[in-house]
Amino acid sequence: MISVSEALDLLFALARALEVEEVPISEANGRVLAQTLTAKRTQPPFPASAMDGYAVGGGQPKLGDRFRLVGESAAGHAWGGTLLPGECVRIFTGAPVPEGGDFVVIQEDTSRISTEVTISREPSPDDNIRRAGIDFEIGTPLLAPRRLRASEVALLAAMNHARVPVTRKPVVALISTGDELVMPGEAPLPDQIIASNTFGLKALLEDHGAIVRILPIAKDREASITQTLALAADADLIITIGGASVGDHDLVSAVTRGLGADQSFHKVAMRPGKPLMAGKIGNSMMIGLPGNPVSAMVCGHIFVVPVIKAMLGLPAAPATRLKAPLAAPVAANGPREHYMRANITPEGVVSKEDQDSSLLSVLAEANALLIRPVSDGARQAGEIVEYIPT
Ligand code: AMP
Ligand code: MG
């Protein structure tokens, strides 16, 4: 048996970062920035008022000072003149502060009769001016690679990038194998069940930036598996589910080897999800996952999501682990790394009572995988443990 991290290294060795494509900024959310971009302009490009009020010269005015109103500066409509001592301009949020202006008195601290503005309350020392370039200057970088969130999309737009270089989305083909499986919505025979793993994995991998195609369910016959694999030839990543252990009906390994796949089959020291296959078929990377629904989803989190990230040009790294105290004791762990279905609560981590790898209902109610290291001893409430949010 190999360790989880050895299995991950093996997968990373097969995963290559995909090409770069350009998308409009309006389509950039959730995409991975492939090249560092720098600001094409300085923001704000001019000293800008942070408030509605009056711009004056001569520093902070005092209670009772009077100014003659000589113009107005609104957002998008700068006042082009230079303020002289004793003069002010009406100014609005986001508007350029004119030459000679070095203080904005907020509206609430003034009174005005016709063109005479009087300071009616002692202004606070804040000049209410945003200096040019306080947000970013021409050339300020946004570093790649990174997955763009809404806030970074806004920043790139402000930097005047209409198009953004991103990594192409990996195309993933998902193949369920098994004579017992039918699609959701069909009427299963008494000895059949619904193929659920494909849909769970599709959702998980789409969440992380993949384009996922669900292929027809392959029967437990070599010809059927071969035929279905042929439909996946243009995918960047082919994932088979089930048929991956050593039972008489577990044919995926034999078929992929028959296709000339540079393919390796491993038992990984983890619970749930022991059998894992990794290899290449033609130009596609291939991962064979166990069929048990929870095993398939846990392997999705532990192995497939990191591979998708690597294909997107993000650093090759295991799933991010967080730390929290245990809310209740847990028993000693055996020789396999255990990913226990658990909940993060205000009191700490609570592992689920039933850890059977077929129970999707338990997985659905969990919001974390509590990680029990190989041969870890019993742990008491309050001890710090690692988990992966799900
Ligand atoms: P296998 O790895 O093919 O021996 O499958 C292990 C268990 O997972 C069996 O109980 C299968 O019926 C079940 N299984 C396999 N594939 C799926 C799937 N796509 N959806 C739900 N259950 C599955
Ligand atoms: Mg099967």
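Calculation rules
- Residues numbered from 1 in each chain as written.
- Chains lettered and ligands numbered in written order.
- Predicted model: local features only at pLDDT ≥ 70, side-chain atom pairs only at ≥ 80, totals over all residues.
- Heavy atoms only, no water.
- Helix = DSSP H or I, 4+ residues; strand = E, 2+ residues; numbered from the N terminus.
- Rg over C-alpha atoms; globule rule 2.2 N^0.38 Å.
- Contact = heavy atoms within 4.5 Å.
- Near = heavy atom within 4 Å.
- Polar contact = N/O pair within 3.5 Å; in protein donor to acceptor, adjacent residues only side chain to side chain.
- Areas by Shrake-Rupley, 256 points an atom, 1.4 Å probe, with all protein chains shown as cover.
- 1 Å grid on protein atoms, 1.4 Å probe; cavity = no way out; pocket = protein on both sides within 12 Å on 5 of 7 lines; lining within 4 Å.
- Sits in = over half its atoms within 2 Å of the grid points.
- Nonpolar A, V, L, I, M, F, W, Y, C, P; charged D, E, K, R; others polar.
- Phe/Tyr/Trp six-rings, centres within 6.5 Å; stacked < 30°, edge-to-face > 60°.
- Lys NZ or Arg CZ within 6 Å of the ring centre and 35° of its normal.
- Pairing = 2+ DSSP bridges.
- Buried < 20%, exposed > 50% of the residue type's maximum accessible area, 1.4 Å probe, protein only.
- Arc of directions from axis to C-beta.
- Points joined across faces, edges and corners; volume = space filled by probe spheres on them.
- Axes fitted to C-alpha atoms, helices over the stretch in contact; angles between N-to-C directions.
- Parallel < 35°, antiparallel > 145°, perpendicular 65-115°, else oblique.
- Left-handed = near helix turned anticlockwise from the far one by under 90°.

Okay, the overall build of the chain next. Tallying secondary structure elements over the chain gives seven helices and 28 strands in all. Computed over its C-alpha atoms, the radius of gyration of the chain comes to 31 Å, more than 25% above the 21 Å expected for a compact globule of 390 residues. Along the first, second and third principal axes, the C-alpha atoms of the chain reach 95 × 50 × 40 Å. In the chain, once contacts between residues fewer than 6 apart in sequence are set aside, the share between residues at least 24 apart is 70%.

The full set close to ligand 1 counts 14 residues, and Ser-176, Glu-180, Ser-196, Gly-243 and Gly-291 are the nearest of them. Between Ser-196 and ligand 1, the recorded distance is 3.0 Å, taken from a backbone N or O atom to a nitrogen atom. The backbone of Gly-243 places a nitrogen or oxygen atom 2.8 Å from an oxygen atom of ligand 1. Protein contacts shield 77% of the accessible area of ligand 1, which totals 490 Å² for the unbound molecule. The cavity that encloses ligand 1 is the largest pocket. Of the residues assigned to the shell around ligand 1, the class counts are five nonpolar, seven polar and two charged.

Let us now look at the packing of aromatic side chains. Enumeration over the complete set of coordinates arrives at zero aromatic pairs. When the ring centre of Tyr-54 is taken as origin, the NZ or CZ atom of Arg-90, which lies over that ring, is 5.1 Å away.

Turning our attention to the pairing of strand 5 (residues 53-56). Pairing of strand 5 with strand 7 (residues 87-91) involves four bridges; the strand directions are antiparallel. Bridge pairing links Ala-55 to Val-89 in strand 7. Sheet analysis places strand 5 next to strand 8 (residues 103-106), joined by four bridges and oriented antiparallel. Paired with Tyr-54 across the strands is Val-105, a residue of strand 8.

Turning our attention to helix 1 (residues 4-14). Of all the positions in helix 1, only Val-4, Ala-7, Leu-8, Leu-11, Phe-12 and Leu-14 are classed as buried. Axial view of helix 1: buried residues confined to an arc of 155 degrees, hence all on one face. Exposed residues pointing more than 90 degrees away from the buried face of helix 1 are listed as Asp-9 and Ala-13. Structurally, helix 1 contributes buried residues whose contacts are with strand 21 (270-271), strand 22 (275-281), strand 23 (284-289), helix 6 (293-311) and strand 25 (337-345).

In this structure, the amide linkage connecting Ala-144 to the following residue, Pro-145, adopts the cis form with an omega of -5 degrees. Position of Pro-145 relative to the elements: it lies in the loop between strand 12 (141-142) and strand 13 (146-147). For the peptide bond that leads from Arg-271 to Pro-272, omega is -10 degrees, which places it in the cis range. Here Pro-272 shows up in the loop between strand 21 and strand 22. At Ser-114, a position not held by glycine, the phi torsion is positive, near 55 degrees. Along the polypeptide, Ser-114 turns up in the loop between strand 9 (110-113) and strand 10 (116-119).

This brings us to empty space enclosed by the protein. Applying the stated rule across the entire model yields one cavity of 30 Å³ or more. Leu-14, Ala-15, Arg-16, Leu-18, Asp-236, Lys-280, Asn-283, Met-285 and Met-311 are the residues that line the largest cavity. In terms of residue class, the lining of the largest cavity is built from five nonpolar, one polar and three charged.

This paragraph deals with the pairing of strand 14 (residues 163-167). Most of strand 14 sits out of view: four of its five residues are buried. Two strands pair when backbone bridges link them, and strand 1 (residues 20-24) and strand 14 are joined in this way by five bridges, in the antiparallel orientation. Looking across to strand 14, one finds that Glu-22 is bridged to Pro-165.

Running from N to C, helix 3 (residues 197-207) and helix 6 point in directions that differ by 30 degrees, and their axes come no closer than 10 Å. Compared by their axis directions, helix 3 and helix 6 come out roughly parallel. Regarding helix 3 and helix 6, the two cross each other, and that crossing is right-handed. Where helix 3 abuts helix 6, its residues Asn-197, Gly-200, Leu-201, Leu-204 and Leu-205 lie against Pro-293, Ala-296, Met-297, Gly-300, His-301, Val-304, Val-305 and Ile-308. Within the contact of helix 3 with helix 6, the residues separate by chemical class into nine nonpolar, four polar and no charged.

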